[in-house]
Amino acid sequence: MRRTALWGLLGLAMALPVRAQTEAEPPATYALTNVRVVVAPGRAIEGATVVIRNGRIAAVGAQVQVPTGAVVMDLAGRTVYPGLIDAASTVGVPSVAARPVGGAGGGGPAARAASQAATEIPPEMRAHRSAGDEFAPSDTELESLRAQGITAVGLVFDGGLLPGQVAAALAGSGEPRSLVVRSPVAQQVAFGRRRGGYPGTLMGAVAYVRQAYYDAQHAMNVETAFARNPASAPRPVHDPRHDALQASLRGEIPAWIEASAQRDFARAAETVRDVGLRSWAVLGAQEAYLAINDLKAMGVPLIVSLNWPRPNAVTGRAFELHVAPAQGTDSAAIKADSAVARQLRENPAKVAAAGITFALSGHGLDSPSQFRERVIAAVEAGLSKDDALRAVTVTPASLLGLSGLLGTVEAGKLANLVVVEGDLFDKDGKIRHVFVEGRAYEIRQAERARATAGAQGAGGSVEIAGDWQGSIEMAGQTTPFTLSLSGSGDAVTGTLTTELGATPLAGELTGNELILRGSIAPPGMNAMELTVTGRIANDELRGTLSVQGQPPVPFTARRRGPGTHAYEGGAR
């Protein structure tokens, strides 16, 4: 019996198909004619012309003349929006532990010593590392960004404590460093833990971050004293980590502090106050709706992640007085999960209603291909389209220090544009062209059709009824299963049939995202909560199976067609 392939915690391990694109050689001048232009949130021009010259917007308006020699694109019936900006993306940025900073040991003794010192600094603690220097996206990753209308990104690290400095880059083509447009943007701060080393606890992580800033402040004081009286003051000893943190201490760049759960916001504010940071922002803020008044009082911008946590991990759920039934479906838990899932989707709307400055980001998402559908889900949950556009254009441009280049469709700015058939924030809206610094990218028709079918908007309807044949993979083991589903919306029911027997499930379908819960009782063991999460793309379902207390186990399933058979046990 391969039970290990069935045990895990709730998670998401799926990705929508990436829409492939073809890249055109950029002419010097374009004229986009007969088009509706959304210049900025709440400002639109009907029947306008946009002139692009040498990568910049040369002119935009209803009375603009088409320049001689321009490549004319008649876009009647379509709308031009500012290129979207993902304020905090890890696309193309390696994990904090992926590779050491420094060279391979070449050069003279001083170079080798510097390289050795760099590699001895734990990867979670390299405050001096630049995300712009580490940026190395694949062509597929860049295409995936552009397919979502994303033309620029804030580059952040995934994990760590003081993992490095934020940068900003374009989602165009070419050598990665040529795409970086600003570095540093901010100092990234997190309260992560290290496995097998200090700090291994949250308390230790907070203490480490504070001490690092105290050390940086001390180094600044020593430098100041030495500059005033070099004859008697101690000579400064430079540490690249301390030097990097001094920029945020002096207010030259802000600190972006990762805080997602309700309890994290006060911890971040206390740290800022104790170490004397002048400017900061909250990165994550998935539970902002639980602390709206506190966050508003802090007066700092939020970079709200669209990576919603699983409902049963949200603050307060563990303290709910709830007793699962001895047998059958736990309807109360399912309804509670559905309610929390809706609140998570409403989070951006609650932040906007409170008047808090915020940007939206894909920080933590499995793939950029989830970005736009999550924004649409937030709109369907109450976020106005103007606020949504502001959160993915104007505000992130400001937070990245790029308001003079990006965020609106105005003369002089980079020609980062999205051409949409329909509305950008409707599930039926189709992105037809994307411009990045004046270079045109067109999504192939066949790929667009497949991607549209696979990403039927967050809140749209997909057909789930039928038997889904799949397999669970873990540690070289493969366990087949059949998932029989029926219903839609908030009333989805099903049965998971594995080698452990048949398990009734119930839950909900939001857009193409499925959450089901039930109870599984392996032979000789007590019943445990089983959760199935997944995403449907065409006739494929990808996700995770979770049994309480264990890590997540990914699966892939396809809708069973004629000539296939449900799982019946026996040989693998």
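How each quantity is defined
Residues numbered from 1 in each chain as written. Predicted model: local features only at pLDDT ≥ 70, side-chain atom pairs only at ≥ 80, totals over all residues. Heavy atoms only, no water. Axes fitted to C-alpha atoms, helices over the stretch in contact; angles between N-to-C directions. Helix = DSSP H or I, 4+ residues; strand = E, 2+ residues; numbered from the N terminus. Parallel < 35°, antiparallel > 145°, perpendicular 65-115°, else oblique. Left-handed = near helix turned anticlockwise from the far one by under 90°. Contact = heavy atoms within 4.5 Å. Nonpolar A, V, L, I, M, F, W, Y, C, P; charged D, E, K, R; others polar. Phe/Tyr/Trp six-rings, centres within 6.5 Å; stacked < 30°, edge-to-face > 60°. Buried < 20%, exposed > 50% of the residue type's maximum accessible area, 1.4 Å probe, protein only. Lys NZ or Arg CZ within 6 Å of the ring centre and 35° of its normal.

### Observations concerning the packing of helix α5 (residues 202-228) against helix α7 (residues 262-275)
Contact pair α5 / α7: the axes reach a minimum separation of 10 Å and the direction vectors enclose 25°. Relative to α7, the element α5 is oriented roughly parallel. Of the two elements, α5 crosses α7, and the hand of that crossing is right-handed. Where α5 approaches α7, its residues L202, V206, V209, R210, Y213 and Y214 are matched on the opposing element by R267, E270, T271, D274 and V275. A class-by-class count of the residues in the contact of α5 with α7 yields six nonpolar, one polar and four charged.

### With respect to the packing of aromatic side chains
Applying the stated criterion across every chain yields a total of two aromatic pairs. Measuring from ring centre to ring centre gives 5.3 Å for Y30 and F435, while their planes differ by 80°; the resulting arrangement is edge-to-face. Of this pair, Y30 sits in strand β2 (residues 29-40) while F435 is found in strand β16 (residues 430-436), placing the two residues 405 residues apart along the sequence. Accessibility classification places Y30 together with F435 in one group, the buried group. Note on F481 and F555: the rings are 5.4 Å apart at their centroids and 90° apart in plane angle, and the pair reads as edge-to-face. You can see F481 sitting in strand β19 (residues 477-488) and its partner F555 sitting in strand β25 (residues 553-559), a full 74 residues away along the chain. The two residues F481 and F555 agree in class, both being buried. Seen from the ring of Y441, R146 lies directly overhead, with NZ or CZ sitting 3.9 Å from the centre.

### Things to note about the environment of T479
By secondary structure assignment, the location of T479 is in strand β19. Distance from T479 to T498, taken between C-alpha atoms, is 7.8 Å for residues 19 residues apart in sequence.

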